[in-house]
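Residue strings, one per chain:
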Amino acid sequence: MNRLRNSTSPYLLQHADNPVDWWPWSDEAFAEAARRDVPVMLSVGYAACHWCHVMAHESFEDPQTAALVNSHVVAVKVDREERPDVDAVYMTATQAITGQGGWPMTVFMTPDREPFFCGTYFPRDHFRQLVLNISRAWQEQREDVVDRAKQIVAALAENVSATARALRDGGLGAGLAPADDGLSDWFGAGFGADQTGARFREVAEGAVAALDGGYDGARGGFGGAPKFPPSMVLEFLLRYHQRTGSPDALRIADGTCEAMARGGMYDQLGGGFARYSVDAAWVVPHFEKMLYDNALLARLYLNLWRRTGSELARRVAEETCDWMLRELATGEGGFAASLDADSEGEEGKFYVWRPAELRAVLGPDDGDFAARVFGVTERGTFEHGASVLQRRADPSDAGRLARVRSALLTARASRVRPARDDKVVAAWNGLAISAFAEAGLLLGRPDFIAAAHDAAALLAAVHLADGRLIRTSRDGTAGGTAGVLEDYACVAGGFLTLSGVTGQARWMTLAGELLEVALADFGDGAGGFYDTAADGEPMIFRPAEPADNATPSGTFAVAGALLSYSALTGSARHREAAAAALGVLPVIAARYSRAAGAGLAVAEAWLAGPAEIAVVGSPADERTRALHETALRAATPGAVLALGDGTDAAVPLLAGRGLVDGAPAAYVCRQFTCQAPVTTPEQLRKALAVPS
């Protein structure tokens, strides 16, 4: 029976015609397992996942293997991007049981949703034997299997509780931090701004020292292979450098950004970043391309250019936005989730080149030139003599390079393209809205601002229902999955950025409504946040992960949105909620600073005020536009923008702010205490000096 055919997940649709009798995650699936008295096999993956495709081809598309699965278990298929709550809960179980995780994730559980065996990818023969062994154990050792499942669930619940206590109390718990680390003050009431600032400075200094200790000075990034783009950490380092002038912070951020942009993880022809590098030198990527990576990295490179004037950073920021607009924009105005790593059944086939292929497209002279510039060798840097394009240095003949890139990009367009997962994920579109809005203003690209607006309009029209967010949509139709904390946080953050760039107060109002839901339905009562709403689907435990992963954690993202909203509205309640959400930061940063980048970046915004910049003047006046662009270009960490014509006070920051002697003006404030208004970009740059 084809139960996946009506899904809004392209990943589930990939499996709709499998001979495996898949069920979506649903009460009905578990009821069926209870009725048949068999275990449930949960298979979790996502559309761009290479090894998910491998296991699908080997096992799920094989009739004999499928018959075995159908006979012995109820098979449930989940898109981890659509159901991050399910993924988080059972990935925690998988990591606890096996010591590692990954996708595809394979979990066997009771009809009560209690896991007793977990793993990831299994080759077909191994997988077949595993299904038989699971079935045999279920029939012959039922009591032991059920007891094991209950022990696992109890241990997971206790670990979650212990981790929450450790984060709340600053205690040792789960090995997170020493019990006498003096961090308990974070969670008491009534600490003042001076104490908060001192704590943030201390935590930031320690994090920079730890990051420097793990920095790969020769190749950029942190640690060895594989290397993932540390977007949030690098954003923090740029903000820290802006506040302190630290050469070490800038060295790490700039060095890593250049290494990523010049290696094979960056598409040297079409722009955009792959998911990660399989080696330590950024040569060979895992070729899938994710919206969230590119949204985060576009904004990071834009901010690097703002701080340093790096032409490489500017180019990469613009090319990455162009790539997202060209490759991921959907007909409804949003941005698709990802591009696959594979085409024609081979990973990376769309992207790699051989010297003979370059010469065939370009001729012998330009072909040899391209091989030198892009590091294409006869031996190859990838598989089967193929090379991933790199650009370790810029040739002196920029015109020739542009001509060669254009010709190769045109030739590559005739290849079979990787598949696209065209579902729209709310949180990731929120990240894209922020990137496109700021890039559009700073780079003079109104099409980028229009793209940010279109994505926001789609989220408001399709993903918002009765004040609650729906996580995904496809072809303009909302999915059935409730938004999680990161959706509320990232969409609110994107709306706030868009409001400041466009001057449309509607987006600030919507952001405020989303944040009210986050505070009311996701808060844990002690200043922290769960990842799922209180009225969400009950799981074996309620997930609450405050540390960053590939994207900012929901906790840190909501802290940033709360702080920005407080800066635009003067709301002390939202500012206090942001501080409370950051209560987990010292413990996480002390244990693993690379998982605290988003929180550290928000802390830098706190230390900078954040600055509140109101630009007042006619949008048609060039002087207004100059002040507006300067406000963002010279902005201190986490600064918020408000744009108005002097007649609209829908944004509180604009209330009472008017023209100065008939001229457009900018007001720089911190906690609604403002300096004298300025009327020139030079005066505005001086007013935006970072406070010590």
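These numbers were taken from a predicted model, which means no experiment stands behind them.

Novice: Go over the environment of alanine 435, please, and point to the residues and values.
Specialist: With respect to the element layout, alanine 435 can be found in helix α16 (residues 426–443). Along the chain, alanine 435 and alanine 298 lie 137 residues apart, while their C-alpha atoms are 6.3 Å from each other.

Novice: Can you break down the packing of α16 against helix α24 (residues 622–633) residue by residue, with the values?
Specialist: The N-to-C vectors of α16 and α24 enclose an angle of 120°; their axes lie 9 Å apart at closest approach. The angle between α16 and α24 falls in the class oblique. Two packed elements cross with a definite hand, and for α16 against α24 that hand is left-handed. Here α16 contributes Glu438, Leu441 and Leu442 to the contact with α24, which in turn contributes His628, Glu629, Leu632 and Arg633. Grouping the constituent residues of the contact of α16 with α24 by class yields 3 nonpolar, 1 polar and 3 charged.

Novice: Go over the state of the cysteines, please, and point to the residues and values.
Specialist: This model, assessed by the stated rule, comprises 2 disulfides. The disulfide bridge from cysteine 49 ends at cysteine 52, spanning 2.3 Å between sulfur atoms. Taking the torsion about the sulfur-sulfur bond, which here is approximately 80°, the covalent link between cysteine 49 and cysteine 52 counts as right-handed. Here cysteine 49 and cysteine 52 have matching classes, each one buried. Across a sulfur-sulfur distance of 2.0 Å, cysteine 669 and cysteine 674 are joined as a disulfide pair. Between cysteine 669 and cysteine 674 the sulfur-sulfur dihedral comes to about 90°; the bridge is accordingly right-handed. No disulfide involves cysteine 321; its sulfur sits 14 Å from that of cysteine 257, the nearest cysteine. A residue is classified by how much of its surface remains accessible, and cysteine 321, at 1% relative accessible area, is buried. Cysteine 490 takes part in no disulfide bond, and the closest cysteine sulfur to it belongs to cysteine 321, at a distance of 16 Å.

Novice: An account of the packing of aromatic side chains is requested, with residue identities and associated values reported.
Specialist: Counted under the stated rule, the structure contains 22 aromatic pairs. Here the aromatic rings of tyrosine 215 and phenylalanine 222 are separated by 6.2 Å at their centres, their planes lie at 65°, and the arrangement is edge-to-face. On the basis of relative accessibility, which here comes to 13%, the residue tyrosine 215 falls in the buried class. On the numbers, 5.1 Å between centres and 90° between planes, the contact of phenylalanine 350 with tyrosine 351 is edge-to-face. Tyrosine 351 gets classed as buried once you look at its relative accessible area, which sits at 8%. Taken together, the ring pairs in this structure connect Phe287, Phe350, Tyr351 and Phe382 into an aromatic cluster. It is arginine 415 that lies over the ring of tryptophan 353; its NZ or CZ is 4.0 Å from the centre. Sitting above the plane of the tryptophan 606 ring, arginine 575 keeps its charged end 3.9 Å from the centroid.

Novice: Please provide a residue-by-residue account of helix α3 (residues 50–60), values included.
Specialist: α3 sits mainly inside the fold: 8 of its 11 residues count as buried. Within the span of α3, buried status applies to His50, Cys52, His53, Val54, Met55, Ala56, Ser59 and Phe60.

Novice: Mind laying out the layout of surface pockets, listing which residues take part and the relevant values?
Specialist: One number sums up the size of the second largest pocket: a volume of about 600 Å³. Among the elements of the structure, β3 (74–79), α5 (84–98) and β14 (468–469) are those that each provide at least two residues to the lining of the second largest pocket. Element by element, the count of residues in the lining of the second largest pocket is highest for β3, at 3 residues. In terms of residue class, the lining of the second largest pocket is built from 11 nonpolar, 9 polar and 9 charged.

Novice: I'd like a rundown of the environment of leucine 514, residues and numbers included.
Specialist: By secondary structure assignment, the location of leucine 514 is in helix α19 (residues 505–522). Along the primary structure leucine 514 and glycine 467 are separated by 47 residues, whereas in three dimensions their C-alpha atoms are 7.3 Å apart. The residues touching leucine 514, leaving out its near neighbours within four places in the chain, are Leu464, Leu469, Tyr488, Val491, Ala492 and Phe495.

Novice: Quick one: what's the story with the pairing of strand β17 (residues 612–616), residue by residue and with numbers?
Specialist: Burial within β17 is extensive, with 5 of its 5 residues counted as buried. Here β17 shows two buried faces, one formed by Glu612, Ala614 and Val616 and the other by Ile613 and Val615. Note that β17 and strand β18 (residues 640–644) share 5 bridges and pair parallel. Within β18, the residue paired with glutamate 612 across the bridge is valine 640. Handedness of the β17-α24-β18 crossover: right-handed. Here 5 bridges tie β17 to strand β19 (residues 665–670), and the two strands are oriented antiparallel to one another. By the bridge assignment, valine 616 is partnered in β19 with alanine 665.

Rules used in this analysis
Residues numbered from 1 in each chain as written. Predicted model: local features only at pLDDT ≥ 70, side-chain atom pairs only at ≥ 80, totals over all residues. Heavy atoms only, no water. Helix = DSSP H or I, 4+ residues; strand = E, 2+ residues; numbered from the N terminus. Axes fitted to C-alpha atoms, helices over the stretch in contact; angles between N-to-C directions. Parallel < 35°, antiparallel > 145°, perpendicular 65-115°, else oblique. Left-handed = near helix turned anticlockwise from the far one by under 90°. Contact = heavy atoms within 4.5 Å. Nonpolar A, V, L, I, M, F, W, Y, C, P; charged D, E, K, R; others polar. Disulfide = S-S within 2.5 Å. Buried < 20%, exposed > 50% of the residue type's maximum accessible area, 1.4 Å probe, protein only. Phe/Tyr/Trp six-rings, centres within 6.5 Å; stacked < 30°, edge-to-face > 60°. Lys NZ or Arg CZ within 6 Å of the ring centre and 35° of its normal. 1 Å grid on protein atoms, 1.4 Å probe; cavity = no way out; pocket = protein on both sides within 12 Å on 5 of 7 lines; lining within 4 Å. Points joined across faces, edges and corners; volume = space filled by probe spheres on them. Pairing = 2+ DSSP bridges. Right-handed = clockwise from strand over helix to strand, strands pointing away.

As far as function goes, none of this settles anything; it's purely spatial.
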